[in-house]
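Chain residues, written in single-letter form:
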Amino acid sequence: MKTFQKVAGMLALSSLLLVTACGGNNAAPSNGGNTTNEAAPANTSTGKGDTMFLGMTNPPILFNPINSSDVASQFAEKFMFDTFLEMDGPLEFIPKLADSIETTDNQTFTIKINANANWTDGTPVTAHDAAFTLNLIANPKVETSVGAYIAAFDGLGARGKLEEGQTEIPSVVVVDDKTLQFKTAAPVDPNMIKEQIGTKLMILPKHVLENVDPAALSQDPFFQKPTVTNGPFKFVQYQKDQYVEYAANPDYYRGKPELEKLFIKIMPGPNMVAQLQTGEIHMNVGGGIGKIAVQDFDTVMSFDNVVTKTEPTFGFQYMMFNTDVIDDPKVRQAFAYAIDRQQIVDKLLKGYGEVIDGPYTSVSPYLDKSAQKYTYDPEKSKQLLQEAGWDFNRVVEFTVPTGNKVREQSADIITQNLQAVGIKLNVTKYDFPTVQAKAKADDFELMLMGQTLTLDPDVYNLYGLNGTSNYMNYNSPRSEELMAKGKAEPNFDARKQIYSELQKIWNEDLPLITLYSDHDFVGISKKVIHGEPRVFGFHKDLQKWSIAGDQ
């Protein structure tokens, strides 16, 4: 078994691979989401249109912006904590808590915080809060899931941590109450900083938490019930696995919210469909935490009171090889030619998806459309197997995780395709935690998996020799060299060229076969005047969200 070591490199982004998507869509409590005695709130209209209800399948775990590794918690936090920027489209950044994040040398960055931004207790949001939060993240005693965001800072290690005994990042400077500067160890791509620090990081109120023991920070009651926030909505309560309730922040610096209240209701996917029809929720949140199952698309599209939309996403499903066992790239290429991936998209996703070759979907500005494509070609597959001397009596162990119905059904198509070219398989299915344990233990030959990435192109975590998701045991010196070069390249065009070359290498070596990326599907009540689930900019202008009252 290969021993995975600590990921090296100042820009390690391993924590940005979101395991929610890997575990399957529509995850929900087995009891239907009703685990408390208090029922979820009903949409009892007062005729004023002052309350909005969202549907989500995954429950949040806690409300700690610097230590929430699950997507549901991060999503819920952004209604009450603002990020510095919002990404309104691929690499299109707009102001939010910060008026700007600027640099003149790609190494020293200046954050200008909105002059009118206050915490909900009336205290101004300042650069001191930002520095306090960054120092907490870097503190060796603090448990955090966002260390990779600041790993590029000068003075920090690969995990974004200070040395033992240190408590302040030397390269972070408070210029004045509304201006913060920080310096990276080397020049970096400004878009990476704007995405990670700008659109991912949420800061904490120093005046509330500065006296909390850093070692016990994550256990502080504040993160179960945030009492002081800076976003358009205030936290009211969380009924576990039932709903999160928010109230408008009337003093929000970007304008008083149109809504008085907002609820995120947690429920299984089928319940979400039913409540869209009855009007008990105004929209599902989409993504891996609020997706409508593909088999229900036609049903939702038939609702008279709902409009629907789809859009491509970052996420993708893939089939990975244990390259220590299936070690010939020609054999792996033969597997790729044998699989009718377009059939999966057309039949199982009803066309709401795309076939991709490599880790970048159509929304990525780093996608090289000229990279090698593996079309469905069984004869080519048989030819490559013959050339590689494949033993057609060999039985390949094919491991499939349960929980994502489309993925399970895709395994049936894949099995039929591979058997048609003479490859024998033994298919075994396990729950996702078991599958992940088998992957980590090298206890597989062929396995299905899923990933959701950020827009930044660094995928070392997946393809790197020491990447924590490199269950394939993939080892390419040239790939390692180029990934390190790509991380350190500050110029977008030069960086894109590096990742174009990497895509060609990965598609030739083929340690994994990317199968498909399923599109996001959302239903939105016709009562919604402003606000919609979006892959980019979901939390943009939340203060403008509004719904029509009953006539």
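Summary of the structure given here. (Residues numbered from 1 in each chain as written. Predicted model: local features only at pLDDT ≥ 70, side-chain atom pairs only at ≥ 80, totals over all residues. Heavy atoms only, no water.)

**Focus on the nonpolar core**
Then, in step 1: In this structure, Phe79, Phe84, Ile150, Ile197, Ile264 and Trp545 are the most contacted members of the largest nonpolar core, which totals 84 residues.
Then, in step 2: The leading source of residues in this core is helix α3 (residues 127-138), at 8 residues.
Then, in step 3: Not counting residues up to four positions away in its chain, the partners in contact with Ile150 are Leu134, Ile137, Ala138, Leu156, Gly160, Ile169 and Ile197.
Then, in step 4: Grouped together as the second largest cluster of nonpolar side chains are 50 residues, Met272, Val406, Leu510 and Tyr516 included. (Core = buried A, V, L, I, M, F, W, Y, C linked by side-chain atoms within 4.5 Å. Buried < 20%, exposed > 50% of the residue type's maximum accessible area, 1.4 Å probe, protein only. Helix = DSSP H or I, 4+ residues; strand = E, 2+ residues; numbered from the N terminus. Contact = heavy atoms within 4.5 Å.)

**So, the pairing of strand β9 (residues 243-248)**
Then, in step 1: Most of β9 is tucked away: 6 of the 6 residues are buried.
Then, in step 2: What you see with β9 is no split at all: Tyr243, Glu245 and Ala247 on one side and Val244, Tyr246 and Ala248 on the other are buried throughout.
Then, in step 3: The pairing of strand β8 (residues 233-239) with β9 spans 6 bridges and is classified as antiparallel. Across the sheet, residue Phe235 finds its bridge partner in β9, namely Tyr246.
Then, in step 4: Here β8 hands over to β9 after 3 residues, with Asp241 in that stretch at a positive phi of 60°.
Then, in step 5: Sheet topology note: the β9/strand β10 (residues 261-266) ladder contains 5 bridges and is antiparallel. Each residue of the ladder has a partner; that of Tyr243, found in β10, is Lys265. (Pairing = 2+ DSSP bridges.)

**A word on the packing of aromatic side chains**
Then, in step 1: Under the definition given, this model contains 25 aromatic pairs.
Then, in step 2: For the pair Tyr243 and Phe263, a centre-to-centre distance of 5.7 Å together with 65° between the ring planes defines the contact as edge-to-face. With Tyr243 in strand β9 and Phe263 in strand β10, this residue pair connects regions lying 20 residues apart in the sequence.
Then, in step 3: By relative accessible area, which is 3% here, Tyr243 ends up buried.
Then, in step 4: Taking the centre distance of 5.7 Å and the plane angle of 45° together, the rings of Phe316 and Tyr318 count as tilted.
Then, in step 5: Exposure remark for Tyr318: the relative accessible area of 0% places this residue in the buried category.
Then, in step 6: Site record: aromatic cluster; members linked through ring pairs are Phe75, Phe79, Tyr246, Phe538 and Trp545.
Then, in step 7: Between Lys487 and the ring centre of Tyr460, over which it is positioned, the NZ or CZ distance is 4.0 Å. (Phe/Tyr/Trp six-rings, centres within 6.5 Å; stacked < 30°, edge-to-face > 60°. Lys NZ or Arg CZ within 6 Å of the ring centre and 35° of its normal.)

**Thoughts on unusual backbone geometry**
Then, in step 1: Of note in the backbone geometry, Asn106 takes a positive phi value of approximately 65° without being a glycine.
Then, in step 2: Locating Asn106 in the fold gives a position in the loop between β4 (98-103) and β5 (108-113).
Then, in step 3: Judged by relative accessible area, Asn106 falls into the partly exposed class, the value being 23%.
Then, in step 4: Backbone geometry places Asp541, a non-glycine residue, at a positive phi of 50°.
Then, in step 5: With respect to the secondary-structure elements, Asp541 resides in the loop between β20 (528-530) and β21 (546-547).
Then, in step 6: Residue class for Asp541 comes out buried when judged on its relative accessible area of 14%.

**Let's talk about helix α6 (residues 269-278)**
Then, in step 1: Burial in α6 covers these residues: Gly269, Met272, Val273, Gln275 and Leu276.
Then, in step 2: As for α6, its buried residues are in contact with β1 (51-56), β10, β11 (283-284), α7 (297-301), β12 (306-311) and β19 (520-525).
Then, in step 3: In the stretch just after α6, Gly279 is the one whose phi turns positive, near 85°.

**A closer look at the packing of helix α14 (residues 477-488) against helix α15 (residues 492-509)**
Then, in step 1: Taken N-terminus to C-terminus, the directions of α14 and α15 make an angle of 160°; their axes are 9 Å apart at the nearest point. The angle between α14 and α15 falls in the class roughly antiparallel. Between α14 and α15 lies a crossing of left-handed hand. Contacts between α14 and α15 involve Arg478, Ser479, Leu482, Met483, Lys485, Gly486 and Lys487 from the first element and Arg495, Ile498, Tyr499, Glu501, Leu502, Ile505 and Trp506 from the second.
Then, in step 2: Among the residues making up the contact of α14 with α15, the classes are represented as 7 nonpolar, 2 polar and 5 charged. (Axes fitted to C-alpha atoms, helices over the stretch in contact; angles between N-to-C directions. Parallel < 35°, antiparallel > 145°, perpendicular 65-115°, else oblique. Left-handed = near helix turned anticlockwise from the far one by under 90°. Nonpolar A, V, L, I, M, F, W, Y, C, P; charged D, E, K, R; others polar.)

**Observations concerning the pairing of strand β3 (residues 92-95)**
Then, in step 1: Sheet analysis places strand β2 (residues 85-89) next to β3, joined by 4 bridges and oriented antiparallel. What sits directly across from Met87, in β3, is Phe93.
Then, in step 2: Joining the antiparallel neighbours β2 and β3 is a turn of 2 residues, in which Leu91 adopts a positive phi near 60°.

**Thoughts on the sheet that holds strand β6 (residues 172-176)**
Strand-to-strand pairing in sheets goes through backbone hydrogen bonds, with the strands running parallel or antiparallel.
Then, in step 1: Within the open sheet, the 4 strands sit side by side as β4-β5-β7-β6. Their pairing is antiparallel. What marks the edges here is a single partner per strand, and that holds for β4 and β6. Along the sheet, successive strands turn relative to each other by an average axial angle of 20°, direction set aside.
Then, in step 2: Across 5 bridges, β4 lies against β5 in antiparallel orientation. Paired with Thr103 across the bridge in β5 is Phe109.

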